[in-house]
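# Observations on chain architecture
The primary structure of each chain is shown beneath.
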Amino acid sequence: MMTNILNRAWTMAARPIGEPTQDNFAMKESVIPAPKHGEVLIKTLYMSLDPYMRGRMRSGPSYATVLEPGDIMTGEVVARVEQSESQKYNVGDIVRANIGWQEWAAVGAHTVNRVDPNLAPISTSLGILGMPGMTAYFGLLAVLKPRAGDTLVVSAASGAVGAVVGQIGKINGCEVIGIAGTEEKCAYLINELGFSHGINYKKQNVSKELSSIAPAGIDCYFDNVGGPVSDGVFENLALKSRVAICGQISQYNAAETPKGPRNLASLIRTRTTVEGFLVYDFVLEHEVARSRIATWIKEGRLKYKEDVVDGFENAPTAFIGLLNGKNFGKLLVKVSD
Ligand code: NAP
Ligand code: FER
């Protein structure tokens, strides 16, 4: 019945200092577990790779448990039920589960979430209909609260979160400016997603470009990256502007976190509000957001791009690449058919 004899998992072999390397990961094999009463045996189809995983590899204060060397890498997968010891699921059902970087797991049926394959392709339950999509939706609509006519800037704009932020911004009547790391990504923002402008932060001066594109200033900034990109945006904020701190990916591989926020004096003049948030702050509203996003996809008002890497063995390389902008769209690993 089972194709693989053994289960495979990626563990954190050693805590990375600075940029992770292959040596920070180790593959561990184990027997495929047998589900107990109330459990389901699931087989991973797609595995999500997300920037927050770098945070789990770091020691220090966090909203979540940090990994210790030898622990299986944290993460969410979309999987198929292969054996069920629960009334809740049948063999063949598709679920989303927090089993980490693993090919198989036996887990309590109450710990997984059903995925509706008729809503959209199942891979989207890790992307636009999953955690990154929820992040975009609530970070924009509940934290930044844009008004029609606002100028919205989003960084890491072609990524899993950023692309959704910009498109929902457009649906809400914003003028959207995206910042991304290649010409190809910027062209995609404008030609495929309908953003007004794309700024390539590796080739262009973010502050100068923004001051010419939006001389009246930026009303809303959805910050995914921090660092020099955000310095350039902060120099162009409008009166009563809002900044949502979603991520600071430019800092995730830093061996030492820089002390203190920078460049804040101008916020006095502009009366800017800066607010950090976590996608889980809005968990009670996720289902409503998921169905609204699914409707927008069906209506052709939201597009999404996935970057699918084939093969479980390639997860560490793909993850290292994510922290360097190698991905173009939501990064997934295809683990099995
Ligand atoms: P993503 O944007 O699909 O991929 C990450 C992208 O970040 C890369 O492709 C790269 O794109 C960009 N990047 C990497 N290093 C950078 C640097 N030094 N400066 C500027 N950009 C850099 O990832 P995602 O899943 O959508 O996540 C985006 C952000 O949201 C991350 O910061 C993540 O931590 C955050 N997040 C937060 C929450 C929350 O609850 N607060 C939830 C989910 C995600 P370029 O080629 O454009 O550089
Ligand atoms: C993320 C980046 C940071 C994220 C969560 C955090 C869920 C939280 C960081 C912390 O607790 O220090 O992408 O996604």
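For clarity, every value in this text was computed on a predicted model and none was experimentally measured.

What counts, and at which threshold
Residues numbered from 1 in each chain as written. Chains lettered and ligands numbered in written order. Predicted model: local features only at pLDDT ≥ 70, side-chain atom pairs only at ≥ 80, totals over all residues. Heavy atoms only, no water. Patch = residues over 30% accessible without salt bridge, like charges linked within 9 Å, V, L, I, M, F, W, Y side chains within 5 Å. Areas by Shrake-Rupley, 256 points an atom, 1.4 Å probe, with all protein chains shown as cover. Salt bridge = Lys/Arg side-chain N within 4 Å of Asp/Glu carboxyl O. Helix = DSSP H or I, 4+ residues; strand = E, 2+ residues; numbered from the N terminus. Buried < 20%, exposed > 50% of the residue type's maximum accessible area, 1.4 Å probe, protein only. Near = heavy atom within 4 Å. Polar contact = N/O pair within 3.5 Å; in protein donor to acceptor, adjacent residues only side chain to side chain. Nonpolar A, V, L, I, M, F, W, Y, C, P; charged D, E, K, R; others polar. Phe/Tyr/Trp six-rings, centres within 6.5 Å; stacked < 30°, edge-to-face > 60°. Pairing = 2+ DSSP bridges. Axes fitted to C-alpha atoms, helices over the stretch in contact; angles between N-to-C directions. Core = buried A, V, L, I, M, F, W, Y, C linked by side-chain atoms within 4.5 Å. Contact = heavy atoms within 4.5 Å.

## Some points on a nonpolar patch on the surface
A cluster of nonpolar residues, Ile5, Leu6 and Val31, forms a patch on the protein surface that exposes about 320 Å² of accessible area. You can see Leu6 is positioned in strand β1 (residues 6–12). On the basis of relative accessibility, which here comes to 34%, the residue Leu6 falls in the partly exposed class.

## Thoughts on the site of ligand 2
Around ligand 2 sit Tyr52, Ser62, Tyr63, Tyr252, Leu278 and Tyr280, and that is every residue in its neighbourhood. Tyr63 is positioned such that a nitrogen or oxygen atom in its backbone is 3.0 Å from an oxygen atom of ligand 2. Bound to the protein, ligand 2 loses 66% of the 370 Å² it would expose on its own. Within the shell around ligand 2, the residues separate by chemical class into five nonpolar, one polar and no charged.

## Describing the packing of aromatic side chains
Under the defined criterion, the tally for this structure stands at 10 aromatic pairs. Centroid distance Phe25 to Trp101: 5.7 Å. Interplanar angle 5°. Geometry classified as stacked. Taken together, the residues span a long stretch of sequence, with Phe25 in strand β2 (residues 25–31) and Trp101 in the loop between β5 (94–97) and β6 (104–108) at a distance of 76 residues. Accessibility classification places Phe25 together with Trp101 in one group, the buried group. On the basis of an interplanar angle of 75° and a centroid distance of 5.7 Å, the ring pair of Trp101 and Phe319 is categorised as edge-to-face. Of the two residues, Trp101 is situated in the loop between β5 and β6 and Phe319 in helix α9 (residues 315–322); the sequence distance between them amounts to 218 residues.

## Considerations on the sheet that holds strand β11 (residues 218–223)
The pairing of strands in a sheet happens through backbone hydrogen bonds and is either parallel or antiparallel. The strand order across the open sheet built from six strands is β10-β9-β8-β11-β12-β13, with neighbouring strands paired in parallel fashion. Where the open sheet ends on each side, the last strands, each with one partner, are β10 (197–200) and β13 (273–276). Averaged over all neighbouring strand pairs, the angle between strand axes comes to 15°, with direction disregarded. Pairing geometry for strand β8 (residues 151–155) and β11, over three bridges, is parallel.

## Description of unusual backbone geometry
Positive phi outside glycine occurs at Lys145, with the angle close to 45°. At Arg271, a residue that is not glycine, the phi angle is positive and equals roughly 50°. Secondary-structure assignment places Arg271 in the loop between α7 (266–270) and β13.

## As for the nonpolar core
Counting residues in each nonpolar core, the largest one holds 74 residues, and the members touching the most others are Ile42, Met47, Leu49, Trp101, Ile293 and Phe319. Sort the elements by how many residues they give to this core and helix α2 (residues 131–144) lands first, with eight residues. Apart from residues no more than four positions distant in its own chain, Phe319 is found in contact with Pro20, Phe25, Leu49, Asp50, Met53, Arg54, Met57 and Trp101. By size, the runner-up hydrophobic cluster in this structure holds 17 residues, among which are Ile218, Val229, Val233 and Leu237.

These figures capture arrangement, not role.
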